[in-house]
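Chain residues, written in single-letter form:
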Amino acid sequence: MGDAGGEGDKKAAAPDNRPKWFEERIIATYGKLAKVDKIEKFTKSEPGEKAFKKFCDSEDRCLFVYEQEGEITGGGKAPTDRKKKGVVFVKDEASAPVAFEQLSKAVSVMEMHPETMNHLMSIAHDVYFPILTQPGNQEGWPDVIAKELTENLHKFLANAYVTIGHMAGQTLLPLPPDDVYSSMEKNQHDKDSVHVLETSVVAWTRQIKEVLHLDPETALKSGNHPGPQAEIEFWTNKAQNLNSIHDQLSSDKVRQVIKVLEVTKSTYFPAFNRLCKEVAQARMEANDNVVYLKAVEPFLNSLGNDAFADIGLVFKPLMHTILLVWKNSKFYNTPGRLVVMMREICNDLIRQAATFVSGEQLFEMEP
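Residues numbered from 1 in each chain as written. Predicted model: local features only at pLDDT ≥ 70, side-chain atom pairs only at ≥ 80, totals over all residues. Heavy atoms only, no water.

Per-residue confidence for the protein gives a mean pLDDT of 86; residues scoring 70 or more make up 91%. For the protein, the element scoring lowest by mean pLDDT is helix H1 (residues 2–12), at 50; helix H11 (residues 229–249) scores highest, at 95. (pLDDT = per-residue confidence, 0-100. Helix = DSSP H or I, 4+ residues; strand = E, 2+ residues; numbered from the N terminus.)

Time to look at the packing of aromatic side chains. Tallied over the entire structure, the rule returns eight aromatic pairs. When the ring of phenylalanine 234 is compared with that of tryptophan 235, the centres are 5.1 Å apart and the planes differ by 85 degrees; the resulting orientation is edge-to-face. Exposure remark for phenylalanine 234: the relative accessible area of 16% places this residue in the buried category. The class of tryptophan 235 is buried, set by a relative accessible area of 1%. Grouped by ring-pair contacts, the aromatic residues Trp21, Phe22, Phe42, Phe52, Phe55 and Phe89 constitute a single cluster. The residue whose ring lies beneath lysine 91 is phenylalanine 55, and the NZ or CZ to ring-centre distance is 5.0 Å. (Phe/Tyr/Trp six-rings, centres within 6.5 Å; stacked < 30°, edge-to-face > 60°. Buried < 20%, exposed > 50% of the residue type's maximum accessible area, 1.4 Å probe, protein only. Lys NZ or Arg CZ within 6 Å of the ring centre and 35° of its normal.)

Let us look at a nonpolar patch on the surface. Together, Ile123, Val127, Tyr128, Ile131 and Leu132 give the surface a local cluster of nonpolar side chains, amounting to about 410 Å² of exposed area. Position of valine 127 among the secondary structure elements: in helix H6 (residues 116–133). (Patch = residues over 30% accessible without salt bridge, like charges linked within 9 Å, V, L, I, M, F, W, Y side chains within 5 Å. Areas by Shrake-Rupley, 256 points an atom, 1.4 Å probe, with all protein chains shown as cover. Salt bridge = Lys/Arg side-chain N within 4 Å of Asp/Glu carboxyl O.)

In this section: the sheet that holds strand E2 (residues 71–75). The sheet built from four strands is open, its strands ordered E2-E1-E3-E4 with antiparallel pairing. Edge positions in the sheet fall to E2 and strand E4 (107–112), since each has one partner strand and no second. Averaged over all neighbouring strand pairs, the angle between strand axes comes to 20 degrees, with direction disregarded. Where helix H3 (residues 36–43) meets the sheet, its contacts fall on strand E1 (62–68) and E2, and the angle it forms with E2 comes to roughly 40 degrees. (Pairing = 2+ DSSP bridges. Axes fitted to C-alpha atoms, helices over the stretch in contact; angles between N-to-C directions. Contact = heavy atoms within 4.5 Å.)

Let us now look at the nonpolar core. Counting 40 residues, the largest nonpolar core has Ile208, Leu249, Phe272 and Leu318 as its most contacted members. At the level of secondary structure, the elements contributing two or more residues to this core comprise helix H9 (191–212), H11, helix H12 (252–263), helix H13 (268–305), helix H14 (312–328) and helix H15 (335–356). Per-element tally for this core: the top contributor is H13, with twelve residues. (Core = buried A, V, L, I, M, F, W, Y, C linked by side-chain atoms within 4.5 Å.)

The next subject is the pattern of salt bridges. For the structure on display, the rule yields 15 salt bridges. The partner of glutamate 71 in a salt bridge is lysine 41, with the nearest N and O atoms 3.7 Å apart. With glutamate 71 in strand E2 and lysine 41 in helix H3, this residue pair connects regions lying 30 residues apart in the sequence. Its relative accessible area of 35% is what places glutamate 71 among the partly exposed residues.

With 21 residues, H11 should cover 30 Å at 1.5 Å per step; its first-to-last C-alpha distance of 30 Å lies within 8% of that length. Those residues of H11 not exposed but buried are Glu231, Ile232, Phe234, Trp235, Lys238, Ala239, Asn241, Leu242, Ser244, Ile245, Gln248 and Leu249. Along its buried surface, H11 packs onto H9, H12, H13 and H15. (Expected span 1.5 Å × (residues − 1).)

Positive phi values are uncommon outside glycine, yet histidine 225 reaches one of about 55 degrees. Structurally, histidine 225 can be placed in the loop between helix H10 (218–221) and H11. The phi angle at lysine 265 is positive, at roughly 55 degrees, despite the residue not being glycine. With respect to the helices and strands, lysine 265 occurs in the loop between H12 and H13.

Written out as structure tokens, the structure is:
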């Protein structure tokens, strides 16, 4: 009986090799960036072993391992702030526990990149696109299927590029495929190539109009009661966006597209040419507004941050500076522009007054 009990204790005390398996994959995924000592510290710690055990023995499908505050950590929830590379383990089967021998088949290891969309764009453009469009891999395919696949891949890459711009607060204009440019060099009147260029121009037009139609009054209409800093931030962002669009429209490849549309007498050329002029005008307005609003900014900062009792000292220089802007600016001199600014200044005053005077105290005061 004693021997049997001893054998049972040995079996029960058998080491769990699963954390070692995870450790090897984490180090391999990090590659040259691997901080082996920190990784080993996590995998051999009690929280690390618990995280691996919970992932393997429960119905959890994902385990995230990442760096936080200089230390490697992990768990079932994805990190909210992903500034550095991480590792994701995904379990194929959610029901049964996964033993050490089953890990390689049941668990997939993936890299968690800090710039997910850029990483996706690179993989799709540099790996999947060349493989899927390789003529040898399309052997036996009907021409319609091959053409449709290529078009859908181009659409995916264009949408990914636009999304990257949105995440950075920019408007990025996706360029036509490189092979279209080579085709146009041979024959500018190739109908298929011209159609691709026109499709790109339609997409650019939609993106550019979205920026041109941005209005500083939108924040007021949404009911958020913004202060005047929102006005400065709006024009700063719009100026940066329009400057970026102007630089893209001035690039050689975009100018080449516009030239082809002009030569082929495309119906899209006149409208897009007018739109480019609108961008130039709107860019001039946004940049001019930013310059003049910078002069008002110090007084607006004081209005929102100074003690309520000291705000009265800000009014005279603030109003005088706004008057100078009205007189000298080429664009910030219309009732519509000034009304937005004054409403936002009032929002700051109301906010300051509400903080300074309690509503309860106000109603308790003697008349």
